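Notes for the structure review
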Amino acid sequence: MPSSGSPSRPRLLAASAGVVAALAFLAAAELAALVLGGAGSPLVAVGSAVIDLAPAGAKDLMVSLFGTGDKVALFVLMGVLMLAVSAGAGILERARPPFGALVFAAGGALSLLAVTTRSDSGMLDGAPSVVGVAAAIIVLRLVTARLRRWEAVAATPTRSEAPLPERRAFLGWTATAGALALVVGTGSRLGSAAVQRAAAVRRAVHLPKPVNTPPTVPAGASLDVAGITPYVTPNADFYRIDTALRVPSIDPADWSIRIHGAVEHEVTLTWDELLALPLEEHLATLSCVSNEVGGDLIGNARWLGYPIRELLARAVPKAGADMVLSRSIDGFTAGTPLDVLQDDGTDAMLAVGMNGEPLPAEHGFPVRMVVPGLFGYVSATKWVTEMEVTRFADAQGYWTPRGWSERGPVKLESRIDTPASGSSAMVGDRVAIAGVAWQPHTGVKAVQVQIGDAAWQDAELADSVSADTWRQWVFRWTATAGEHQVRVRAVSADGEVQTSVERPPAPNGATGWDTITISVR
Ligand SMILES: Nc1nc2c(c(=O)[nH]1)N[C@H]1C(S)=C(S)[C@@H](COP(=O)(O)O)O[C@H]1N2
Ligand SMILES: [Mo]
């Protein structure tokens, strides 16, 4: 006979442990799906699989029973089924561990199958199912273990009459896990649904053609060297730097930009108004102030957009203004010199397109700024919704009070892409030492390479496409015996030679020569 204070309905409690584990599965999976940009939600995939697999008769029945609510009904049905199975798994886990956990593993395998066999599934789509099963099994085992401990202690004859701490432990764990799963799961589901809707909106965007002759990239801009950075960076490979924990998702229909502050006329522009303007396409290399010497926080793209100088001309900045504080929907700000944005010779743009596509969400969809010659942190505001004309004396961009310079012109730099540092070669090998060099808006006129202590030698340069973009270079070297240090430096179109002085990225950009070692035997 169980003594008083023992769980009166242990099977019901075990069942609730199973249900809480199922909630943990859904919550963890949805959170993982959200982190992965909305990919691989088991809820969506399993639901879709059921729809695809259901016989026509069942579908007709659902539609005739529930009409346009058929999908909601399907989810409710799936929920009830899942509730029953997970309750059963909880009971099984109490009686015959680890068979309850195995039921969850089997459910996870089904979910994995549903997710990865969808036609649009990608590499990481299986991850939410795996994460979900792991969370479910951990919760199931933790909670069931506490239930068993409670039962064991309650069964000992010597215990006192006071409420059992084991009872509190079980109920506490169950309630906490359940509540946490509900909150995390609901939040994540709402979030990933929003992400997916935003992706669909982006796919539906049709960008106009540029009114200028779009830049063509001549064959001579790209050297035939294995391992060299391509002249144009594909969107998927473009570095991403921002403070956004979650990529803002903006429906262009709701987007507008306001140019205000020290202006004669406040200007507001909607998405449709922006797209109706004569847009231009320009190539520009964008880089991050945090880029180390030899680092890869830099990319080059074709940007489609509208010149910011035209918008400022409409707004008419007042005398004394010298800065434009652009603001993102997420609160990030950048302070850009007004004269740079007004300059006829600088293609500062309110960009909507990147390499022939709408901006990817993580690169600022629907609209961002791009200003050739300035580091991103003072110019390249993504998800931009506001431009305030002001003064450096009155306002600061996001990074300035955090120890970065108020102004951020890009520095003259060069990088060795190939060979990798520490690689080896045989005496007499022809080694292509190659990479890219840049000083956007100024341009690069020479690149030089130094092997060990030998004299600097000119590298071969790819054709220059524009001063706003980087330039490939190669030095074809016949390897000589020894352990060699190889350095590169660039010479700007202005005749400046890249400095050897080594500086860290803070406060306004790293300097120094990229150096590798090659051992030749
Ligand atoms: N909204 C927003 N825009 C931003 C940032 C940010 O944190 N938030 N970071 C800036 C920085 S520091 C850089 S280097 C560039 C990077 O742009 P990318 O991610 O498209 O390469 O975006 C700029 N624009
Ligand atoms: Mo940056």
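Residues numbered from 1 in each chain as written. Chains lettered and ligands numbered in written order. Predicted model: local features only at pLDDT ≥ 70, side-chain atom pairs only at ≥ 80, totals over all residues. Heavy atoms only, no water.

Regarding its fold elements, the protein chain presents ten helices and 19 strands. Compactness check: the protein chain gives a C-alpha radius of gyration of 30 Å against a globular reference of 24 Å for 521 residues, more than 25% above the reference. Judged by the C-alpha coordinates and their principal axes, the protein chain covers about 95 × 70 × 55 Å. Here the protein chain holds 521 residues, and 48% of them are scored as buried. Residue pairs at least 24 apart in sequence account for 75% of intrachain contacts in the protein chain once pairs closer than 6 positions are excluded. On the protein chain, roughly 24,400 Å² of surface is accessible, and the fraction owed to carbon and sulfur atoms is 59%. Across the protein chain, 42 positive and 49 negative side-chain charges occur, with their mean positions spaced 12 Å apart. (Helix = DSSP H or I, 4+ residues; strand = E, 2+ residues; numbered from the N terminus. Rg over C-alpha atoms; globule rule 2.2 N^0.38 Å. Buried < 20%, exposed > 50% of the residue type's maximum accessible area, 1.4 Å probe, protein only. Contact = heavy atoms within 4.5 Å. Areas by Shrake-Rupley, 256 points an atom, 1.4 Å probe, with all protein chains shown as cover. Lys, Arg positive; Asp, Glu negative; His and termini not counted. Charge placed at Lys NZ, Arg CZ, Asp CG, Glu CD.)

The next subject is the sheet that holds strand S19 (residues 515-520). Taken together, five strands build an open sheet; the order of strands is S12-S19-S18-S14-S15 and the sheet is mixed. Each edge of the open sheet carries a strand with a single partner, namely strand S12 (423-425) and strand S15 (457-458). (Pairing = 2+ DSSP bridges.)

On to the site of ligand 1. Surveying the vicinity of ligand 1 reveals 19 residues, the closest of which are Tyr239, Thr243, His363, Arg368 and Lys382. Here an oxygen atom of ligand 1 and a backbone polar atom of Thr243 are 2.8 Å apart. Within the contact set of ligand 1, an oxygen atom lies 2.6 Å away from a side-chain nitrogen or oxygen of His363. In the complex, the protein chains occlude 99% of the 540 Å² of accessible area that ligand 1 would expose alone. For the shell around ligand 1, the class distribution of residues is nine nonpolar, five polar and five charged. (Near = heavy atom within 4 Å. Polar contact = N/O pair within 3.5 Å; in protein donor to acceptor, adjacent residues only side chain to side chain. Nonpolar A, V, L, I, M, F, W, Y, C, P; charged D, E, K, R; others polar.)

Our next topic: the nonpolar core. One finds Leu274, Trp303, Leu312, Leu350, Val352 and Met387 to be the most contacted residues of the largest nonpolar core, which totals 64 residues. In this structure Leu312 touches Ile259, Pro317, Val324, Leu338, Leu341, Gln342, Met387 and Val389, once residues within four positions along its chain are discounted. Counting 22 residues, the second-largest nonpolar core is a separate cluster that includes Ala14, Val143, Trp150 and Phe170. (Core = buried A, V, L, I, M, F, W, Y, C linked by side-chain atoms within 4.5 Å.)

Judged by side-chain polarity, Leu31, Val35, Leu36, Met123 and Leu124 come together as a nonpolar surface patch covering roughly 540 Å² of accessible area. For Leu36, a relative accessible area of 31% corresponds to the partly exposed category. (Patch = residues over 30% accessible without salt bridge, like charges linked within 9 Å, V, L, I, M, F, W, Y side chains within 5 Å. Salt bridge = Lys/Arg side-chain N within 4 Å of Asp/Glu carboxyl O.)

In terms of residue burial, strand S3 (residues 280-287) counts as a mostly covered element, since eight of its eight residues are buried. Taking every second residue as pointing to the same face, both faces of S3 are buried, with Glu280, His282, Ala284 and Leu286 on one and Glu281, Leu283, Thr285 and Ser287 on the other. Looking at chain direction, S3 and strand S4 (residues 298-307) are connected through eight bridges and run antiparallel. Note on S4: the bridge partner recorded for Leu286 is Gly299.

Within the open sheet, the four strands sit side by side as S11-S13-S17-S16. Their pairing is antiparallel. Two strands lie at the open edges of the sheet, namely strand S11 (413-418) and strand S16 (460-461), each paired on one side alone. Where strand S13 (residues 430-438) meets strand S17 (residues 471-478), eight bridges bridge the pair, whose relative direction is antiparallel. Residue pairing in the sheet places Ala434 in a bridge with Val474 of S17.

Turning our attention to the side chain of Ser41. With respect to the secondary-structure elements, Ser41 resides in the loop between helix H1 (10-35) and helix H2 (42-53). Of the residues examined, Ser41 reaches a relative accessible area of 5% and is grouped as buried. In terms of polar contacts, Ser41 uses its side chain to reach the side chain of Glu30, at 2.7 Å.

A separate point is the pattern of salt bridges. The full count for this structure, using the stated rule, is 16 salt bridges. For Arg94, the salt bridge identified is with Glu151, shortest N-O distance 2.7 Å. A residue pair is termed long-range when its members are at least 10 positions apart, and Arg94 in helix H4 (residues 70-95) and Glu151 in helix H6 (residues 127-155) qualify at 57 residues. Here Arg240 ties to Asp242 by a salt bridge, and the two come within 2.8 Å at their closest N and O atoms. What makes Asp242 partly exposed here is its relative accessible area of 26%. Through salt bridges with shared partners, a single network forms among Arg309, Glu310, Asp344 and Asp347.

What follows covers the packing of aromatic side chains. Enumeration according to the criterion identifies nine aromatic pairs in this entry. Seen from their ring centres, Trp456 and Trp513 are 4.9 Å apart, and the 70° between their planes marks the pair as edge-to-face. Pair noted here: Trp456 is in the loop between strand S14 (444-451) and S15 and Trp513 is in the loop between strand S18 (482-492) and S19, with a separation of 57 residues, a long-range link. On the accessibility criterion, Trp456 (21% relative accessible area) is partly exposed. Three or more aromatic residues joined by ring pairs form one cluster here, namely Phe238, Tyr239 and Trp303. (Phe/Tyr/Trp six-rings, centres within 6.5 Å; stacked < 30°, edge-to-face > 60°.)

The element strand S10 (residues 384-390) is largely enclosed, with a buried count of six among its seven residues. Where strand S1 (residues 256-261) meets S10, four bridges bridge the pair, whose relative direction is parallel. Along S10, the bridge assignment pairs Arg258 with Glu386. Sheet topology note: the strand S5 (residues 323-328)/S10 ladder contains six bridges and is antiparallel. Residue pairing in the sheet places Leu325 in a bridge with Glu388 of S10.

This part covers the packing of H2 against H4. Where H2 contacts H4, the axes come no closer than 11 Å and their chain directions differ by 105°. In terms of axis orientation, H2 runs roughly perpendicular to H4. Of H4, the residues touching H2 (which contributes Leu43, Val46, Gly47, Val50 and Ile51) are Leu74, Phe75 and Met78. Classifying every residue of the contact of H2 with H4 by side-chain character gives seven nonpolar, one polar and no charged. (Axes fitted to C-alpha atoms, helices over the stretch in contact; angles between N-to-C directions. Parallel < 35°, antiparallel > 145°, perpendicular 65-115°, else oblique.)

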